[in-house]
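# Overview (structure and organization)
The chain contents come next:
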Amino acid sequence: MRADFLDRYARGNTVFHRLNPRTKLLLVLLIVIGVLLTPVGAWPVFGCLACGVYAALVIAEIPTKYILQRIGLLLPPVLGLALSAPISRGFQGGWELAATITCRSLLTFSAGLWLVNTTPFETLLGAMARLGLPNRFVELLAFMYRYTFVVFDELARMRTGQRSRTFSKPGLFALWISNASLLGMLLIRSLNRAERIHGAMCSRGWTGRMPEQS
Amino acid sequence: MHIPDGFLSPAVCVGTGTIAAGTLAVAFRKLDATLASRTVPLTGMVASLIFAGQMVNFPIGLPVSGHLIGGTLAAILLGPWGGCVALALVLFVQMALFSDGGWLAYGANVFNMGVVGSLGGYALYQAVRSRIAGPRGVLLGGMLAGWGSVMAAAACFCLEFWLSHPAGEFDLRKIWMLMASFHSLIGVGEALITGMILSVVLVHRPELVAAQITSTNPARIGRFVWTGVVAALIVAAFAAPFASEYGDGLEAVAEEAGFASHATESTGPLLNDYALPLPGTDRESPLWGKVATAMAGLLGTTVVLLLGWGLCQTLPRPLTPREDVHAG
């Protein structure tokens, strides 16, 4: 499993990493709802919340560079949509609404970032199952999470092969073709693998349901 | 495409979440009815495949690059219900692992991309495939469905965003114009990527999608219903800008309810006219915007059809009897 970039910071050991995952999940949901219900232009409230979330991120030892990177990826679509408020009224007002929407998304996004980077996926899944996420869905998620590492490893192997066969940097068109055939091959191999896994599971007594775990 | 929290009001989140949960419940029952023991590993694998596939970037010569969204691909491989579940899984993992897409907006995301994207995309795919036989139908249907599902998801988002701001801070038509222009590009990319992947599979392992070709051919009534859904989607997406009664109707309601003066006070010129504040646009005529939106739709469809035709030429052609004679 080389795909550790999936949850690099979630396996730390700070106060927040040790906190009960259900508490964390409910806390984040509370913050999200609170932020959504905060009226437009209530800057002191947004400021306080931002300070709180940032402090939580720092205490959880999540690097600021990583946070800024993620926010940088989120910002363009958020700004684009927020700016449609002033655009809708011909740049005469609407700026406060745009700023509020941007603030709301950044705040809730940072809170979510804090949650997923202090809680490993399987812990979070367990917490959600206890809070009433349907069993079938949890089963499928567990399967998918396990397969993800397998598929990522397969993809990494195929890319290594692709790179070692390509001597020069390919052009745009060639890159599209090679990437598409890479994905097509990945699809074929994954489906073959799913067939094999299914056969192996059936021979071990799989009936379509996870056995009850006590 | 992933809606973060902060855009939609809690009411809209709850509404879309309820629809999404209901659809997923139906999907699970449908899947249980088919082949329960095989469904779980296969759906899980396709979901992680799409998740991994989104990591492969398709550069477009700009700092931004495109990637697969995969709703249609999942629906083609697993059928509409399986595709819907697979997309819900992908969206969940992206939320719980990367914080991509909001926690409260998860229902809306599943609704847009899973329910509308996958089920609607599959409807479009079926409609094309029942008219064009063989691998070409699969390819063209998949590409058109990829494009259509992106546009439909964008349209749903516009509607949700607009409903989330009930005081009328946003003009539905302008948001749709903004979204339609960007997403017709994204949709063409999605169609092209889906088509290229499908053509690879059709060349090397046609039976992976061919199983679908024979097994789930809907009955005549089913086909009729699917076609109807597709027609409704297309009309809703691209004819909506021309149906200007709705916006005016809202104004009329506002006036009747007696808060029109208040509304105009607080929101400025929004409710009075909706001309685009672009240079060269006549503020008196809102037609420009409508034409632009419809153009985005038509242009996108044409480009996708042309690309699909091109990709079809790369498929190995089955020998017709006449060619057989020539070859012999």
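The shown structure was predicted, so the numbers you read here are calculated from the model rather than taken from an experiment.

Reading the values: the criteria
Residues numbered from 1 in each chain as written. Chains lettered and ligands numbered in written order. Predicted model: local features only at pLDDT ≥ 70, side-chain atom pairs only at ≥ 80, totals over all residues. Heavy atoms only, no water. Helix = DSSP H or I, 4+ residues; strand = E, 2+ residues; numbered from the N terminus. Buried < 20%, exposed > 50% of the residue type's maximum accessible area, 1.4 Å probe, protein only. Contact = heavy atoms within 4.5 Å. Areas by Shrake-Rupley, 256 points an atom, 1.4 Å probe, with all protein chains shown as cover. Buried area = accessible area lost by both parts, 1.4 Å probe. Salt bridge = Lys/Arg side-chain N within 4 Å of Asp/Glu carboxyl O. Disulfide = S-S within 2.5 Å. Axes fitted to C-alpha atoms, helices over the stretch in contact; angles between N-to-C directions. Parallel < 35°, antiparallel > 145°, perpendicular 65-115°, else oblique. Nonpolar A, V, L, I, M, F, W, Y, C, P; charged D, E, K, R; others polar. Phe/Tyr/Trp six-rings, centres within 6.5 Å; stacked < 30°, edge-to-face > 60°. Core = buried A, V, L, I, M, F, W, Y, C linked by side-chain atoms within 4.5 Å. Domains from an automatic or database assignment. Expected span 1.5 Å × (residues − 1). Arc of directions from axis to C-beta. pLDDT = per-residue confidence, 0-100.

## Some points on the overall build of chain A
The number of helices and strands found in chain A is nine helices and zero strands. Along chain A, from the amino end to the carboxyl end, the secondary structure elements read α-α-α-α-α-α-α-α-α. Per-residue burial for chain A yields a buried fraction of 46% across its 214 residues. The long-range share in chain A, meaning contacts at least 24 apart out of those at least 6 apart in sequence, stands at 76%. Approximately 11100 Å² of chain A is accessible, and the part contributed by carbon and sulfur atoms is 65%.

## Here we look at the overall build of chain B
Across its full length, chain B carries eleven helices and two strands. In sequence order, chain B lays out its α and β elements as α-β-β-α-α-α-α-α-α-α-α-α-α. Across the 328 residues of chain B, 55% fall into the buried class. Restricting the contact set of chain B to residue pairs at least 6 apart, pairs at least 24 apart contribute 76%. In the form shown here, chain B has an accessible surface area of approximately 14100 Å², with 69% of it arising from carbon and sulfur atoms.

## Here we look at the interface of chain B and chain A
The partner chain A presents 79 residues to the 73 residues of chain B that form the contact. The contact between chain B and chain A buries some 6700 Å² in all, and 79% of this surface belongs to carbon and sulfur atoms. Counting across the interface, chain B meets chain A through one salt bridge. Here B:Asp100 and A:Arg70 are joined by a salt bridge, their closest N and O atoms 3.4 Å apart. Every element with two or more residues in the side of chain B that touches chain A is listed here: helix H1 (10-53), strand E1 (58-59), helix H2 (71-98), helix H4 (134-164), helix H5 (172-204) and helix H9 (260-267) of chain B.

## Structural notes on the state of the cysteines
Applying the stated criterion to the full structure yields zero disulfides over all chains. No disulfide involves A:Cys48; its nearest neighbouring cysteine sulfur is the one of A:Cys51, lying 6.6 Å away.

## What about unusual backbone geometry?
Residue and element names in this part refer to chain A. Despite not being glycine, Glu-61 has its phi angle at roughly 60°, a positive value. Of note, Glu-61 is situated in the loop between helix H3 (43-59) and helix H4 (64-82). The class for Glu-61 is exposed, based on a relative accessible area of 62%.

## Let's talk about the packing of helix H2 (residues 21-37) of chain A against helix H7 (residues 121-130) of chain A
All names here are of chain A. The interhelical angle for the contact between H2 and H7, taken along N-to-C directions, is 75°, at an axis separation of 9 Å. The orientation of H2 relative to H7 falls into the category roughly perpendicular. Side by side, H2 and H7 meet where Pro-21, Arg-22 and Leu-25 of the first sit next to Thr-123, Leu-124, Ala-127, Met-128 and Arg-130 of the second. Class assignment for the residues of the contact of H2 with H7 results in five nonpolar, one polar and two charged.

## Some thoughts on the side chain of A:Ser190
Tracing the backbone shows A:Ser190 in helix H9 (residues 172-203). Ignoring any residue separated from it by four or fewer positions in sequence, one finds A:Ser190 in contact with A:Val151, B:Met45 and B:Leu49.

## Side note on the environment of B:Ile186
Structurally, the position occupied by B:Ile186 is in helix H5. Along the primary structure B:Ile186 and B:Met151 are separated by 35 residues, whereas in three dimensions their C-alpha atoms are 8.8 Å apart.

## Notes on the packing of aromatic side chains
Tallying each qualifying case throughout the model produces 14 aromatic pairs over all chains. Here A:Phe121 and B:Phe92 contribute two aromatic rings whose centre-to-centre distance is 6.4 Å and whose plane-to-plane angle is 80°, an arrangement assigned as edge-to-face. Taken together, the residues A:Phe121 in helix H7 and B:Phe92 in helix H2 connect one chain to another. According to the relative accessible area criterion, A:Phe121 is buried, its value standing at 1%. For B:Phe92, a relative accessible area of 2% puts it in the buried group. Between A:Phe137 and B:Phe28, the ring centres sit 6.4 Å apart and the planes meet at 85°, which makes this aromatic pair edge-to-face. In this pair, A:Phe137 is assigned in helix H8 (residues 135-165) and B:Phe28 in helix H1, connecting two distinct chains. Neither residue differs from the other here; A:Phe137 and B:Phe28 are each classed as buried. Counting every residue linked through ring pairs, the aromatic cluster contains A:Phe121, A:Phe137, A:Tyr145, A:Phe149, B:Phe28, B:Phe92 and B:Tyr106.

## So, the nonpolar core
Grouped together as the largest cluster of nonpolar side chains are 151 residues, with contacts concentrated most on A:Phe137, B:Phe7, B:Phe92 and B:Trp103. Here the element with the most residues in this core is H2(B); it accounts for 20 residues. Viewed by domain, this core spans two of them, domain 1 (4-126) and domain 2 (134-203) of chain A, each represented by three or more residues. In this structure A:Phe137 touches B:Leu24, B:Phe28, B:Ala88, B:Leu89, B:Phe92 and B:Tyr106, once residues within four positions along its chain are discounted.

## A look at the environment of B:Met45
By the secondary structure assignment, B:Met45 is in helix H1. Judged by relative accessible area, B:Met45 falls into the buried class, the value being 0%. With residues near it in sequence (within four places) discarded, B:Met45 still touches A:Tyr147, A:Val151, A:Ser190, A:Arg193, A:Ala194 and A:Ile197.

## Things to note about H3(A)
It helps to recall that an α-helix has 3.6 residues per turn; residues three or four apart then point in one direction. Residues and elements named next belong to chain A. In this model H3 runs 24 Å from its N-terminal to its C-terminal C-alpha over 17 residues, within 8% of the 24 Å that 1.5 Å per residue would give. Every buried residue of H3 is listed here: Phe-46, Val-53, Ala-56 and Leu-57. Each buried residue of H3 lies within a common arc of 100° when the element is viewed along its axis, so the set occupies one face. Exposed positions of H3 whose direction lies more than 90 degrees from the buried face are Pro-44, Cys-48 and Cys-51. Where H3 terminates, the next one or two residues include Glu-61, which has phi positive at roughly 60°.

## Concerning the confidence of the model for chain B
With 66% of its residues at a pLDDT of 70 or more, chain B has an overall mean of 72. For the stretch residues 213-219 of chain B, pLDDT sits under 50, and the model shows ten contacts to residues farther than four places along the chain or on other chains.

## Description of the pattern of salt bridges
A side chain with one charge may pair with a side chain of the opposite charge, provided their charged atoms come close. Residue and element names in this part refer to chain A. As enumerated under the stated definition, the model contains five salt bridges over all chains in all. The closest approach of N and O atoms between Glu-139 and Arg-136, which form a salt bridge, is 3.9 Å. Placement of both Glu-139 and Arg-136 in helix H8 is noted, with a separation of three residues, approximately one turn of the helix. The same class applies to Glu-139 and to Arg-136, which are both buried. Via salt bridges that share partners, Glu-154, Arg-157, Arg-189 and Arg-193 belong to a single interconnected network.

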